[in-house]
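# Close look at the chain arrangement
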Amino acid sequence: MNINREELDKITELLRDEKSRTDAFSSLVRMMQKPLYWHIRKMVLNHDDADDLLQNTFMKAWYAIDSFRGESQIHTWLYRIASNETLTFLAAQRMKNVTSSLEMEELLLSNLRADTYFNGDELQEKLQQAILSLPEKQRLVFNIRYFDNVKYEDMEKMLNTSAGALKASYHHAVKKIEAFFKEEN
Amino acid sequence: MTHNFNFEENSTDNPFCVPDGYFEDFALKMDRAIKPVEISIWQKSKPYLYVAAMFVMIFAVGLIFYRTNKLDANIAENRQVTVYSETANEILLDDVNEDILTEYILANASYQLQNN
């Protein structure tokens, strides 16, 4: 995750002033849209759902910008909104369509297979299947740590969870994925 | 086919992709969603014009109503006056006794003779 912190600090300052707020937010969208999109996409797998959730994330941030007090960095605040939006979406989908976590896993996997915007080879598809077998919060932790290589101290702020708990969560996720591949073989 | 997954060796390349130009379009879509809409003077003044037009209409309707009522009142008044005057003549003619009239004519004639 390569985020220019200095640029973000400047944008945060401009967001405080009503006159420059719209342009500053526009710059924030351009800066954060890719990392946030991939963060969401790895959870929901499907492009259309990721697009909707990304839009919701930015709109919620825009309407709540006055409540952002700068206690955390703006990008960690955005990650928190995106993570909450994604987990809420997945919970709603589970309530609507499926009765068990296995069915949910199958639904997401079939979405992934049907998605024309998935370029992965067979091994990557298998990895996605293994990741899908994890509980949602563990999946979130695994994706951020494994794909985006985010430090635990940054993840702490992004997910509002202690570094110790995140390390344990990631460790469990790795073990489960390894077990999944062993079982498959 | 068997798959061995080694976290150290396997690439963490992103297996997902997006439609061409997706991020450019997304940023523009967000701009449209957050930027205040430019409103022309005509659009800005529209609500005030509607209110002004409403007041003019209320005033015009009130004026028409007032004038119609006034006209009706005048017609009624004129009719009443006519009725009153007609009634007065009738009452006069009815009430004037022929004897009194004769007496009045005679008194009037004698007064004129005396003065002449």
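Worth saying up front: this structure is predicted, and the values here are computed from it rather than measured.

Bringing the overall build of chain A into the picture now. For chain A, the count of helices and strands is nine helices and zero strands. Ordered by position from the N terminus, the helices and strands of chain A form the series α-α-α-α-α-α-α-α-α. Here chain A holds 185 residues, and 31% of them are scored as buried. If you take every contact in chain A between residues at least 6 apart in sequence, the share linking residues at least 24 apart comes to 63%.

Moving on: the overall build of chain B. Scanning chain B for helices and strands turns up three helices and zero strands. Along chain B, helices (α) and strands (β) appear in the sequence α-α-α when read from the amino end. When each of the 116 residues of chain B is scored for burial, the buried share is 3%.

All names here are of chain A. For helix H4 (residues 74-97), with 24 residues, the first-to-last C-alpha span of 34 Å sits near the 34 Å given by 1.5 Å per residue. Buried within H4 are the following residues: Ile74, His75, Trp77, Leu78, Tyr79, Ala82, Ser83, Glu85 and Thr86. At its buried positions, H4 is contacted by helix H1 (5-16), helix H2 (18-44), helix H3 (47-63), helix H7 (136-146) and helix H8 (152-159).

What follows is about the interface of chain A and chain B. With 30 residues of chain A at the contact, the number on the chain B side is 21 residues. Elements that contribute at least two residues to the side of chain A that touches chain B include exactly H2, H3, helix H6 (122-132) and helix H9 (163-184) of chain A. Top element by residues in the side of chain A that touches chain B is H2 of chain A. It accounts for nine residues. Taken together, the residues of the side of chain A that touches chain B break down into 15 nonpolar, eight polar and seven charged.

Residue and element names in this part refer to chain A. It is at 10 Å that the axes of H2 and H7 come closest, and there the two elements cross at 135°. Put simply, H2 runs oblique to H7. H2 and H7 meet at a crossing whose hand is right-handed. Every residue of H7 that contacts H2 at His39, Lys42 and Met43 is listed here: Arg139, Leu140, Asn143 and Ile144. Classifying every residue of the contact of H2 with H7 by side-chain character gives three nonpolar, two polar and two charged.

For chain A, per-residue confidence averages 88 on the pLDDT scale, and 96% of positions sit at 70 or higher. When pLDDT is averaged over each helix and strand of chain A, the minimum, 77, is found for helix H5 (residues 101-114) of chain A and the maximum, 96, for H3 of chain A.

Attention now goes to the nonpolar core. All names here are of chain A. In terms of nonpolar packing, the biggest core is built from 44 residues, with Leu28, Leu36, Ile40, Leu54, Leu78 and Ile131 touching the most fellow members. With 10 residues, H2 is the single largest residue contributor to this core. Among residues more than four places away in sequence, those in contact with Leu36 are Leu54, Thr57, Leu78 and Ala82.

This part takes up the packing of H7 of chain A against H9 of chain A. Residues and elements named next belong to chain A. Contact pair H7 / H9: the axes reach a minimum separation of 9 Å and the direction vectors enclose 90°. It follows from the interaxial angle that H7 and H9 lie roughly perpendicular. Counted together, Gln138, Val141, Phe142 and Arg145 of H7 and Leu166, Ser169, Tyr170, His172 and Ala173 of H9 form the full contact between these two elements. Tallied by class, residues from the contact of H7 with H9 come to five nonpolar, three polar and one charged.

Residues and elements named next belong to chain A. Notably, Leu45 is not glycine yet its phi reads approximately 70°, a positive angle. Tracing the sequence through the fold places Leu45 in the loop between H2 and H3. A count of 24 C-beta atoms within 10 Å places Leu45 in the buried class. Positive phi values are uncommon outside glycine, yet Asn160 reaches one of about 55°.

Parameters at a glance
- Residues numbered from 1 in each chain as written.
- Chains lettered and ligands numbered in written order.
- Predicted model: local features only at pLDDT ≥ 70, side-chain atom pairs only at ≥ 80, totals over all residues.
- Helix = DSSP H or I, 4+ residues; strand = E, 2+ residues; numbered from the N terminus.
- Buried ≥ 20, exposed ≤ 12 C-beta atoms within 10 Å, placed from the backbone.
- Contact = placed C-beta atoms within 7 Å.
- Expected span 1.5 Å × (residues − 1).
- Nonpolar A, V, L, I, M, F, W, Y, C, P; charged D, E, K, R; others polar.
- Axes fitted to C-alpha atoms, helices over the stretch in contact; angles between N-to-C directions.
- Parallel < 35°, antiparallel > 145°, perpendicular 65-115°, else oblique.
- Left-handed = near helix turned anticlockwise from the far one by under 90°.
- pLDDT = per-residue confidence, 0-100.
- Core = buried A, V, L, I, M, F, W, Y, C linked by C-beta atoms within 7 Å.

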